[in-house]
Amino acid sequence: MSLMTRPAPLMTDDALDGFRLWPGRLAAPDQARLRDQVLAALRAAPLYRPVTPGGRPFSVRMSNLGPLGWVSDRAGYRYQATHPETGAPWPPIPDVLLSLWHELTGWPQPPDACLVNLYDADARMGLHQDRDEKDLEAPVLSVSLGDTAVFRIGAAGGGRTRSVRLASGDVCMLSGQARLARHGIDRILGGSSSLLPDGGRMNLTLRRAT
Ligand code: MD6
Ligand code: FE
């Protein structure tokens, strides 16, 4: 068959080449251990509800782990070393996440920020790009725990988006061409997992902020 007549695959988009998904990368016992570690860390760095620079509250509650944390308020988006409500430094990033980062991204430096997002069944996250990091070459790695999410992703430059389910234990990465992909969470499938004590979904995103 000549190249000229080869049909284009329906959902392939070169601009999303760097989007990688590892379904079930974390086995159930590892998910439970990570959940316990993060819930313990959240006692020191409580979840809070940030507002957008325009003053609208996020439906997602957030906290952070690591030397730096992503925050949003009236002053804008930024990374900072302390919790905006308690003023305390963020707790450390669990070793299992540091290992996953090294194994899956191959990036030479460790992540210096891990954003914790907690979704109840009604929470969502609008389409956005992750672009508050100094080095936009370093990948972003995301780990999902608890209820399944309907994740939407499209190329940085616009055009069609596609929908991907992220279940508990799934890990995904935005790198290369897809590093600045537009993405968000359309909805949470409430009750699809019993991992989290109060239900809902937790997402952990590892980044190089500096
Ligand atoms: C979430 N994730 O899964 C939202 N960002 O709750 C993100 O915003 C995200 O999954 C950068 C890279 C991967 C992600
Ligand atoms: Fe993001």
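All values derive from a computational prediction rather than experimental measurement.

Q: Hey, could you run me through the pattern of salt bridges in this one?
A: Should their charged atoms come close, side chains of opposite charge can pair. Within the structure shown, the criterion is met by eight salt bridges. For R35, the salt bridge is made with D36, and the minimal N-O distance between the two is 3.0 Å. Residues R207 and E133 are paired through a salt bridge, measuring 3.2 Å at the closest nitrogen-oxygen approach. Placement of R207 in strand β12 (residues 201–207) and of E133 in the loop between β6 (125–128) and β7 (140–146) is noted, with a sequence separation of 74 residues between them. On the basis of relative accessible area, R207 is assigned to the buried category, the value being 5%. Its relative accessible area of 5% is what places E133 among the buried residues. Among the charged side chains, a salt-bridge network with shared partners connects D130, E133, R179 and R207.

Q: Explain the sheet that holds strand β10 (residues 171–174) here, please?
A: Backbone-to-backbone hydrogen bonds join strands into a sheet, with any given pair of strands oriented parallel or antiparallel. Ordered in space as β1-β10-β7-β12-β5-β2, the six strands form an open sheet in which the pairing is antiparallel. Each of the sheet's edge strands pairs with one partner strand only, and the pair in question is β1 (19–22) and β2 (61–65). Within this sheet the neighbouring strands show an average axis-to-axis angle of 20°, counted without direction. Inspection of the sheet shows β1 paired to β10 by four bridges, in the antiparallel sense. When the bridges of β10 are listed, F19 appears paired with L174. Contacts from helix α1 (residues 28–44) reach β2, β5 (113–119), β7 and β12 within the one sheet, and its direction differs from that of β12 by about 80°. The strands that helix α2 (residues 95–105) touches are β1, β5, β7, β10 and β12; relative to β7, the one it contacts most, it runs at about 130°.

Q: Is there a simple way to think about the coordination of the iron ion (ligand 2) in this case?
A: Metal coordination angles have textbook ideals: 109.5 degrees for a tetrahedral set of four donors and 90 or 180 degrees for an octahedral set of six. Those protein atoms acting as donors to the iron ion (ligand 2) are H128 (NE2), D130 (OD) and H183 (NE2), and they sit at 2.1 to 2.2 Å. Mapped onto the sequence, the donors of the iron ion (ligand 2) take the spacing H-x1-D-x52-H. With H128 in strand β6 and H183 in strand β11 (residues 182–188), this residue pair connects regions lying 55 residues apart in the sequence. A relative accessible area of 25% means that H128 is categorised as partly exposed. Residue class for H183 comes out buried when judged on its relative accessible area of 6%.

Criteria and thresholds
Residues numbered from 1 in each chain as written. Chains lettered and ligands numbered in written order. Predicted model: local features only at pLDDT ≥ 70, side-chain atom pairs only at ≥ 80, totals over all residues. Heavy atoms only, no water. Salt bridge = Lys/Arg side-chain N within 4 Å of Asp/Glu carboxyl O. Helix = DSSP H or I, 4+ residues; strand = E, 2+ residues; numbered from the N terminus. Buried < 20%, exposed > 50% of the residue type's maximum accessible area, 1.4 Å probe, protein only. Pairing = 2+ DSSP bridges. Axes fitted to C-alpha atoms, helices over the stretch in contact; angles between N-to-C directions. Contact = heavy atoms within 4.5 Å. Donors = N, O, S within 2.8 Å, 3.2 Å for Na, K, Ca; no water.

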